Amino acid sequence: MLDYNIVLIGFMGTGKSTVASYLHSVYAMDMMEMDQEIERREQMSISDIFKIKGEAYFRRRETELLREVSGKNNIVISCGGGTPMREENVIEMKKNGRVVLLVADPETILERVRFSENRPLLQGKKNVEAIRELMEERRAKYEAAADIIVDTEKRSMERICREIIEKITGMDENHV
Ligand code: S3P
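Residues numbered from 1 in each chain as written. Predicted model: local features only at pLDDT ≥ 70, side-chain atom pairs only at ≥ 80, totals over all residues. Heavy atoms only, no water.

> Would you mind showing me how to read unusual backbone geometry here?
Negative phi characterises most residues that are not glycine, and trans characterises most peptide bonds. Even without being a glycine, Ala 28 presents a positive backbone phi close to 55°. Relative to the assigned elements, Ala 28 resides in the loop between helix 1 (16-26) and strand 2 (30-33). Residue classification places Ala 28 among the exposed positions, given a relative accessible area of 57%. A positive phi angle is found at Gln 43, which is not glycine, with a value near 55°. Within the secondary structure, Gln 43 is located in the loop between helix 2 (34-42) and helix 3 (46-53). (Helix = DSSP H or I, 4+ residues; strand = E, 2+ residues; numbered from the N terminus. Buried < 20%, exposed > 50% of the residue type's maximum accessible area, 1.4 Å probe, protein only.)

Here's what the structure looks like:
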């Protein structure tokens, strides 16, 4: 039982939701997948929210949701890929969270998102160049928000999650 949250950030397709499910089931953490929670509350897919209500509306829902959970603990929070782009969101994440940046190569990301119909920002941009460009645009903000960085490339979920827990626990020891 952790007295803080683990906040997973990273580009689309870096494995945030899968890592969150694993930590939820193996490490007995509560879990919140932000996109799913927003879809549940809005009764609409992410694509429809972007289409009908607009991206700005979606971004406000993300910030609200983070504010709700930042006072709690032992939750693994899987953010949307764009969540750390807003400074106020990063402040919320850090209130009671250790922020973990998941990374993968654009080629791997393309394979993971190729058949996804629910990623409006990649509509018509499902190619390595476009993914690399958006990743580069975002890199500085991702890295500035991160407490630790974990590569999800070609490794088992078990190893990835063990590394996350070890690095995060190490952070605690370094704080003492
Ligand atoms: C977005 C990523 C998506 C979702 C929305 C916007 C982004 O989440 O929040 O489509 O701006 O990168 P995933 O990273 O879970 O795909």
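> What is the right way to look at the nonpolar core in this model?
Membership of the largest hydrophobic core comes to 35 residues, with the highest contact counts inside it found for Ile 9, Phe 11, Ile 77 and Ile 131. Considering every element that reaches this core, the biggest residue donor is helix 7 (residues 128-145), with six residues. Residues Ile 6, Leu 23, Val 150 and Met 171 belong to the second largest nonpolar core, which totals 18 residues. (Core = buried A, V, L, I, M, F, W, Y, C linked by side-chain atoms within 4.5 Å.)

> Looking at this model, I keep getting lost on the pattern of salt bridges. Mind explaining?
Where side chains of opposite charge bring their charged atoms close, a pairing between them can arise. With the rule as written, the count across this model stands at 21 salt bridges. Beyond isolated ion pairs, a larger network of salt bridges with shared partners links Arg 67, Arg 86, Glu 88, Glu 92 and Lys 95. (Salt bridge = Lys/Arg side-chain N within 4 Å of Asp/Glu carboxyl O.)

> Would you mind showing me how to read the site of the ligand here?
Lys 16, Asp 35, Arg 59, Arg 119 and Arg 138 are the nearest of the 14 residues found near the ligand. Arg 59 is positioned such that a nitrogen or oxygen atom in its side chain is 2.7 Å from an oxygen atom of the ligand. Contributing elements (two or more residues each) for the shell around the ligand: helix 3 and helix 4 (55-69). In the shell around the ligand, the residues fall into six nonpolar, three polar and five charged. (Near = heavy atom within 4 Å. Polar contact = N/O pair within 3.5 Å; in protein donor to acceptor, adjacent residues only side chain to side chain. Nonpolar A, V, L, I, M, F, W, Y, C, P; charged D, E, K, R; others polar.)

> Is there a simple way to think about the sheet that holds strand 5 (residues 148-151) in this case?
Sheets are built from strands that pair by backbone hydrogen bonding, the pairs being arranged parallel or antiparallel. Spatial ordering of the open sheet is given by 2-3-1-4-5, a layout of five strands whose pairing is parallel. The outermost strands of the open sheet, each flanked by one partner alone, are strand 2 and strand 5. Recorded for the sheet is a direction-independent mean angle of 25° between the axes of neighbouring strands. Here helix 5 (residues 87-95) sits on the sheet in contact with strand 1 (5-9) and strand 4 (97-103), set at roughly 120° to strand 4. (Pairing = 2+ DSSP bridges. Axes fitted to C-alpha atoms, helices over the stretch in contact; angles between N-to-C directions. Contact = heavy atoms within 4.5 Å.)

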